[in-house]
Amino acid sequence: MNLVPSSVAKSLERLVTLRVSGCSAMIQAVASCDLGDSDIAGANLEEEILFSKLRYMTMLDLENLTSFCSGVVDYTFKFPSLEDLILTGCCNMKIFTSGDLITLKRVDAWYSESACCWDNDLNTTI
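Before going into details, it helps to say that this report is about the structure given with it.

**Section: the nonpolar core**
Move 1: Ranked by internal contacts, the top residues of the largest apolar core, which has 30 residues, are Met57, Met59, Phe68, Phe77, Phe79 and Phe96.
Move 2: For this core, the elements supplying multiple residues, two or more each, are strand 2 (17-21), strand 3 (28-31), strand 5 (56-60), strand 6 (76-79), strand 7 (84-88) and strand 9 (107-111).
Move 3: With three residues, the single largest contributor to this core is strand 9.

**Focus: unusual backbone geometry**
Move 1: The backbone of Asp61 sits at a positive phi, close to 50°, despite the residue not being glycine.
Move 2: Position of Asp61 among the secondary structure elements: in the loop between strand 5 and strand 6.

**Here's the deal with the sheet that holds strand 8 (residues 101-103)**
Move 1: Spatially, three strands are ordered 4-6-8 in an open sheet, and the strand pairing comes out parallel. Here the strands that pair on one side only, and so sit at the sheet edges, are strand 4 (48-50) and strand 8. Taking the axes of each pair of neighbouring strands and ignoring which way they run, one obtains an average angle of 20° across the sheet.
Move 2: In this structure, strand 6 lies alongside strand 8, joined through three bridges in parallel fashion.

**With respect to the side chain of Ser32**
Move 1: By the element assignment, Ser32 lies in the loop between strand 3 and strand 4.
Move 2: From its side chain, Ser32 meets the backbone oxygen of Val73 in a polar contact 3.4 Å long.

**Observations concerning the side chain of Ser67**
Move 1: Locating Ser67 in the fold gives a position in the loop between strand 5 and strand 6.
Move 2: Separated by 3.1 Å, the side chains of Ser67 and Ser70 make a polar contact.
Move 3: Aside from chain neighbours lying at most four places away, what touches Ser67 is Ile27, Gln28, Ala29, Met93, Ile95 and Phe96.

**Some thoughts on the environment of Cys90**
Move 1: For Cys90, the position within the fold is in the loop between strand 7 and strand 8.
Move 2: With 25 residues separating them along the chain, Cys90 and Leu65 place their C-alpha atoms 6.0 Å apart.
Move 3: The contacts of Cys90, once residues within four sequence positions are left out, are Met59, Leu62, Leu65 and Tyr111.

**Let's talk about the packing of aromatic side chains**
Move 1: One pass over the structure, following the stated rule, counts eight aromatic pairs.
Move 2: With a centroid separation of 4.8 Å and 5° between ring planes, the pair formed by Phe68 and Phe96 is classed as stacked. With Phe68 in the loop between strand 5 and strand 6 and Phe96 in the loop between strand 7 and strand 8, the pair connects residues that are 28 residues apart, well separated along the chain.
Move 3: Take Phe96: its relative accessible area is 1%, and that puts it in the buried class.
Move 4: Measuring from centroid to centroid gives 6.2 Å for Phe77 and Phe79, while their planes differ by 10°, and the two rings are stacked.
Move 5: Judged by its relative accessible area of 1%, Phe79 is buried.
Move 6: Clustering of aromatic rings is evident, with ring pairs tying together Phe51, Phe68, Tyr75, Phe77, Phe79 and Phe96.

**Section: the pattern of salt bridges**
Move 1: A complete count under the given rule lists three salt bridges for this structure.
Move 2: Salt-bridge contacts for Lys78 lead to Glu48; the nearest nitrogen and oxygen are separated by 3.0 Å. In this pair, Lys78 is assigned in strand 6 and Glu48 in strand 4, connecting sequence segments 30 residues apart.

Conventions used here
- Residues numbered from 1 in each chain as written.
- Predicted model: local features only at pLDDT ≥ 70, side-chain atom pairs only at ≥ 80, totals over all residues.
- Heavy atoms only, no water.
- Core = buried A, V, L, I, M, F, W, Y, C linked by side-chain atoms within 4.5 Å.
- Buried < 20%, exposed > 50% of the residue type's maximum accessible area, 1.4 Å probe, protein only.
- Helix = DSSP H or I, 4+ residues; strand = E, 2+ residues; numbered from the N terminus.
- Pairing = 2+ DSSP bridges.
- Axes fitted to C-alpha atoms, helices over the stretch in contact; angles between N-to-C directions.
- Polar contact = N/O pair within 3.5 Å; in protein donor to acceptor, adjacent residues only side chain to side chain.
- Contact = heavy atoms within 4.5 Å.
- Phe/Tyr/Trp six-rings, centres within 6.5 Å; stacked < 30°, edge-to-face > 60°.
- Salt bridge = Lys/Arg side-chain N within 4 Å of Asp/Glu carboxyl O.

Structure representation (structure tokens):
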């Protein structure tokens, strides 16, 4: 289960706060195209998803979440306004995304119970 398909995520550029909690069935927040998808034939395998106004992201108690987004298409996620990221209770999360992750400033991140600051490499933090 996913929160949104990538086509919907691309239309959320005005989203300011994202909070997801308590969904044990969720595997990824943004569904990437799979090899069997009819959309994959016309897809650019390095697409961009921009969350231009997203300032706060919280993901709590998503025990089966493995990534924010990973798959055949390596989306570049841009979060130019992100200030706080909280990932707690996401014990199966291996990476944030398989594509690039771009923020314009330093982000305060909490992964599990520890606080840290991340400078553009959240995959290493996780």
